[in-house]
Amino acid sequence: MSNSKVILEEIFQKMLQHFGPQKWWPAETAFEVIVGAVLTQNTNWMNVEKAITQLKQKKLLNFKSLFEIEEASLAELIRPAGYFNVKAKRLKALLRFIFEETEGELDPLFELPPSNLREKLLQVKGVGPETADSILLYAAQKPIFVVDQYTYRVLSRHFLIPEESSYEEMQYFMIQHLPEDLNLFNEYHALIVRVGKEFCKPKAQCENCPLKGVNW
């Protein structure tokens, strides 16, 4: 077993022991995950929850309702998530894509090979790698590792990746050194987000971090 595999396993076990299972993504349906994946761009989850709650209260958190609603009206409803005009446009673009592909049905979409679906998602304006992979992992239940700014901080600060690593390079590193397991990828990413929010901040707070002492 390579050093990288050993260290990644140690990181996972330390985070899991400290935080416990995260039960992520907190959504009732795959469609809710898709909406949340767009809304969570450049904001924290608390703000996304407020926007999701408003959609639920209005009984609009379904494909037909959000596909038919005017973009301006959608923007007002998701205002708590921030950048609401941009996100309304992006969400509308994603919904149009789903309609054109499968007339709004998610199951046929999720039956596509993951690489094909990912390629199609990345062609939708406003859907970047992190959003596409979140949809693949948490909504479509495909074993793909989602990386983000927290992943970068944890890996680079423990000298597992070069500081100039790209999204694709970080993702390849994780997939190469972890078993291809849907539940593991889910839990690992969620735990990295948790440790990133609480300890591995832009200014690292290492003293009480569960990963203190993990060395290459």
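The structure this text deals with has already been given above.
An account of the accompanying structure is given in this report.

Quick notes on the rules
Counting of residues starts from 1 at the beginning of each chain's written sequence and follows it residue by residue. Per-residue local features are limited, in this predicted model, to residues with pLDDT of at least 70; the limit for side-chain atom pairs, both in listing and counting, is 80 or more; totals at the level of whole chains, interfaces and linings are taken over all residues. In computing side-chain properties, one takes all heavy atoms of the structure into account and sets aside hydrogens as well as water. Each nonpolar core is a collection of buried residues, namely Ala, Val, Leu, Ile, Met, Phe, Trp, Tyr and Cys, held together in the definition by side-chain atoms within 4.5 Å. Exposure categories follow from relative accessible area, calculated using a 1.4 Å probe and restricted to protein chains: below 20% of the type maximum is buried, above 50% is exposed, and the middle band is partly exposed. Here a strand is any run of E in DSSP of at least two residues, a helix any run of H or I of at least four, and the numbering for each starts at the N terminus. Whether two residues are in contact is decided by their heavy atoms: any pair within 4.5 Å suffices. Geometry of aromatic contacts follows a simple scheme: Phe, Tyr and Trp rings, the Trp one being its six-membered ring, pair when their centres are within 6.5 Å, and the pair is stacked under 30 degrees between planes, edge-to-face over 60, tilted otherwise.

So, the nonpolar core
Stage number 1. In terms of nonpolar packing, the biggest core is built from 77 residues, with Leu66, Leu94, Met174 and Tyr188 touching the most fellow members.
Stage number 2. Top contributing element to this core by residue count: helix α6 (residues 84–102), with eight residues.

Re the side chain of Gln22
Stage number 1. With respect to the helices and strands, the residue Gln22 is situated in the loop between α1 (3–19) and α2 (30–39).
Stage number 2. Since its relative accessible area comes to 19%, Gln22 is described here as buried.
Stage number 3. With near-sequence residues (within four places) excluded, Gln22 lies in contact with Glu187, Ala190, Leu191 and Arg194.

With respect to the packing of aromatic side chains
Stage number 1. All told, the structure shown has eleven aromatic pairs when counted by the stated rule.
Stage number 2. Ring centres of Phe19 and Phe199 lie 6.4 Å apart, and the angle between their planes is 45°; this geometry places the pair in the tilted category. Taken together, the residues Phe19 in helix α1 and Phe199 in the segment after α12 (182–198) connect sequence positions 180 residues apart.
Stage number 3. Under the relative-accessibility criterion, Phe19 is labelled buried at 13%.

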